[in-house]
Amino acid sequence: MNQIEMNFASPAPKDTKGKRVGLFVTCLVDLFRPTVGFAAVKLLEDAGFELEVPRDQTCCGQPAYNSGDKDDAKALAKQVIKAFEGYDYIVAPSGSCTGMIRKHYPSLLAGEPEWADRAVAVAGKTYELVSFLVDVAGIEKVSSHFTGTVTYHDSCSGLRELGIKDQPRKLLASVPGVDLKEMKDSDVCCGFGGTFSVKYPDISNAIVSKKTKTITDAGAGTLLAGDMGCLMNMAGKLKRDGSAIQVRHIAEVLADMADGPAIGEKSGR
């Protein structure tokens, strides 16, 4: 099997205590929802990992890659590789950023001998936060409490590129007070798609309109997901429609850090 086509299936849970984890914060978390980053730190440290947040990390390059700007995407990928290749694991609270690193870095840099093997190595140890906790660290429950009904949106990148489906539901089931109400078509796109929502706003709005209807019909008070892009897109539409449904990143609930303003709400509310 070609290295670029290798299957990055999650390994069986093993003793990972003391292993060094580099947290890939993501642009949207850094700029719009730092609470998610702090929640990721808490969850990883509670799981026993030595955690660091490299200061020289930058965008994963996904917006440039999706827009056909391969040169800038390569430059950003190389910066990420240099910043993170020394860690045992690289973890991100985002399925889309993780998917970019795991699935696209190897092919993006395949033609550059100096970078090809390094890209494959970094891709093979990069994980989305919740799947890492369940599939790699073997975490079965978290120390948290959340009172209320929630529904969960399966983001496209996490579900289709990384196979994330049962992991978030498994950890949510361990949180006292959580009542999960599944929405219809939880695995249908929310219409964000990164640059797609900018290039095709009318189509994006039509898709998210259908999505928010299924969210509302689920009858839950809180919407959860694992990608900030999807969450911001759905939160924006719900707010424009006057919905009282709160929107949060799943890491905030799992880390017992869901007591602040929800996504799209003003601080101090």
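Quantities reported herein were computed from a predicted structural model and do not represent experimental measurements.

Chemist: In this structure, what is going on with the sheet that holds strand S8 (residues 246-249)? I would like to understand it.
Modeler: Whenever strands of a sheet pair, they do so through backbone hydrogen bonds, lying parallel or antiparallel. What the four strands build is an open sheet, ordered S6-S5-S7-S8; its pairing is parallel. Of all strands in the sheet, those bounded by a partner on one side alone are strand S6 (178-180) and S8. Between one strand axis and the next, the sheet turns through 35° on average, direction left out of account.

Chemist: In this structure, what is going on with helix H6 (residues 113-124)? I would like to understand it.
Modeler: Helical geometry note: an α-helix holds 3.6 residues per turn, so side chains three or four residues apart project in the same direction. In this model H6 runs 18 Å from its N-terminal to its C-terminal C-alpha over twelve residues, within 8% of the 16 Å that 1.5 Å per residue would give. Looking at H6, one finds that the buried residues are Trp115, Ala116, Ala119, Val120, Val122 and Ala123. All buried residues of H6 fall inside an arc of 165° around its axis, so they share one side. Opposite the packed face of H6, turned more than 90 degrees from it, sit the exposed residues Pro113, Glu114 and Asp117. Structurally, H6 contributes buried residues whose contacts are with helix H4 (70-84), strand S3 (89-92), helix H5 (95-108) and strand S4 (126-128).

Chemist: Sorry if this is basic, but what is going on with the nonpolar core here?
Modeler: Most often, soluble globular proteins have nonpolar side chains that are buried together. By size, the foremost hydrophobic cluster in this structure holds 54 residues, and its most contacted members are Leu44, Phe132 and Leu254. Membership of the second largest hydrophobic core comes to 22 residues, among which are Phe84, Ile101, Leu109 and Trp115.

Chemist: Looking at this structure, I do not really get the packing of H4 against H6. What am I missing?
Modeler: How two helices sit against one another is set out by the angle between their axes and by the gap between those axes. Following both chains from N to C, one finds H4 and H6 inclined at 65°, their axes separated by 10 Å at the closest point. In the packing of H4 onto H6, the handedness of the crossing is left-handed. Counted together, Lys78, Ile81 and Lys82 of H4 and Trp115, Arg118, Ala119 and Val122 of H6 form the full contact between these two elements.

Chemist: Which parts of the structure should I look at to understand the pattern of salt bridges?
Modeler: Two side chains carrying opposite charge are able to pair once their charged atoms lie near each other. Using the criterion set out here, one finds 13 salt bridges in the structure. Of the charged contacts in the structure, one is a salt bridge between Lys42 and Asp46, with a shortest N-O distance of 2.8 Å. Residue Lys42 and its partner Asp46 are located together in helix H2 (residues 34-46), separated by four residues, close to a single helical turn. Overall, the relative accessible area of 29% leaves Lys42 in the partly exposed class. Since its relative accessible area comes to 52%, Asp46 is described here as exposed. Here Lys213 ties to Asp217 by a salt bridge, and the two come within 2.8 Å at their closest N and O atoms. Placement of both Lys213 and Asp217 in helix H11 (residues 201-218) is noted, with a separation of four residues, approximately one turn of the helix. Each member of the pair, Lys213 together with Asp217, is exposed.

Cut-offs applied
- Residues numbered from 1 in each chain as written.
- Predicted model: local features only at pLDDT ≥ 70, side-chain atom pairs only at ≥ 80, totals over all residues.
- Heavy atoms only, no water.
- Pairing = 2+ DSSP bridges.
- Helix = DSSP H or I, 4+ residues; strand = E, 2+ residues; numbered from the N terminus.
- Axes fitted to C-alpha atoms, helices over the stretch in contact; angles between N-to-C directions.
- Expected span 1.5 Å × (residues − 1).
- Buried < 20%, exposed > 50% of the residue type's maximum accessible area, 1.4 Å probe, protein only.
- Arc of directions from axis to C-beta.
- Contact = heavy atoms within 4.5 Å.
- Core = buried A, V, L, I, M, F, W, Y, C linked by side-chain atoms within 4.5 Å.
- Left-handed = near helix turned anticlockwise from the far one by under 90°.
- Salt bridge = Lys/Arg side-chain N within 4 Å of Asp/Glu carboxyl O.

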